[in-house]
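Here is how the chains run, residue by residue.
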Amino acid sequence: MNIIKKKIKNILKIIKERKINISWIKKEKNTNLFSIFPSTKLTPEISRYSKKIEKIAETTNGLGPQPLWDGYGKNNIAGKTRMPDGVRTNYNMGNLYSQIVKHLQPNVIVEFGTAFGVSSMYFLSGIQENSFGHLFTFEPNNQWRDIAVKNISEIGNQFTSISGTFEDNQKTTLPDGTCIDLAFVDAIHTSAFVRPQIEIVLSRSHTGTIIILDDINFSDDMQKCWIELANDERFIASASLGNRVGILEVE
């Protein structure tokens, strides 16, 4: 009986942890964000690629610590290496990213940075299920990028991996006039880097473009940056997803 109770308790815990709290800052009903998040809690759909992605992520973590990109400089406060699991999108949020892609049906998704490709795989899984769209993913750490390209290729081929930063390579990678439908900002988590990246995305965006920011509570500086962006008049809707991710919709 105790074993059965324990199993039930574990199942209930998993169900509870699968729910993501949606905390609105700007909420408008006639927006893409409201159509995706009509309530204050959401249990993401599980992508049909999720099991495969998680197996790939497990294998990648088995490679052990990997060297950090030198370009982090003084922004690196946690040593010269990272375990792949330490920089990945988690299972729950990954499935949400796939769900967002399926709902929005974007033609162009940009991601920076790629790390080992877990979030890329989830974005690409949504593209696969839509049967159209393309992911452009930027990563300056070539050792990480080599691993990521191998991983992402296991899900599909509708992606382009760019060696380098988004800022330095977006003009040569994205043809003139290319509009970004969905952007994932996950590189160096400081306002000095994030704000210029957001401005570039905005210069290539349209009404309804969605921007996702990871690690909005990484530091006091990042928290302040997120609150200011969430209240920026150029965005018609904004919300935090759980306690780590922020999402914006361009007016």
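So, here is what we can say about the structure in this document.

Analysis parameters
- Residues numbered from 1 in each chain as written.
- Predicted model: local features only at pLDDT ≥ 70, side-chain atom pairs only at ≥ 80, totals over all residues.
- Heavy atoms only, no water.
- Pairing = 2+ DSSP bridges.
- Helix = DSSP H or I, 4+ residues; strand = E, 2+ residues; numbered from the N terminus.
- Right-handed = clockwise from strand over helix to strand, strands pointing away.
- Phe/Tyr/Trp six-rings, centres within 6.5 Å; stacked < 30°, edge-to-face > 60°.
- Buried < 20%, exposed > 50% of the residue type's maximum accessible area, 1.4 Å probe, protein only.

### Examining the sheet that holds strand β9 (residues 210-213)
Consideration 1: Pairing within the open sheet is mixed, and its nine strands lie in the order β2-β1-β10-β11-β9-β8-β5-β6-β7. Two strands close off the open sheet at either side, each with one partner strand: β2 (41-42) and β7 (159-163).
Consideration 2: Bridge analysis of strand β1 (residues 20-26) against β2 gives two bridges, and the strand direction is antiparallel. Counted as the bridge partner of Ile-20 is Leu-42 from β2.

### Brief notes about the pairing of β7
Consideration 1: By the bridge criterion, five bridges tie strand β6 (residues 134-139) to β7 in an arrangement that is parallel. The partner of Leu-135 across the bridge, within β7, is Phe-159.
Consideration 2: Handedness of the β6-helix α6 (residues 142-153)-β7 crossover: right-handed.

### Section: the packing of aromatic side chains
Consideration 1: On inspection of all chains with the given rule, the structure shows six aromatic pairs.
Consideration 2: Pairing Phe-138 with Phe-166 gives two aromatic rings, centres 5.3 Å apart and planes at 85°, and the pair type is edge-to-face. Of the two residues, Phe-138 is situated in strand β6 and Phe-166 in helix α7 (residues 166-173); the sequence distance between them amounts to 28 residues.
Consideration 3: The class for Phe-138 is buried, based on a relative accessible area of 1%.
Consideration 4: One aromatic cluster in this structure is built from Tyr-97, Phe-123 and Phe-184.

### Notes on the pairing of β6
Consideration 1: In terms of burial, β6 is largely enclosed, as five of its six residues are buried.
Consideration 2: In this sheet, β6 lies alongside strand β5 (residues 108-112) in parallel orientation, the contact comprising five bridges. Each bridged residue has a counterpart across the sheet, and for Val-110 the counterpart in β6 is Phe-136.
Consideration 3: Note on the crossover from β5 through helix α5 (residues 118-130) to β6: the handedness is right-handed.

These figures come from the coordinates and say nothing about function on their own.
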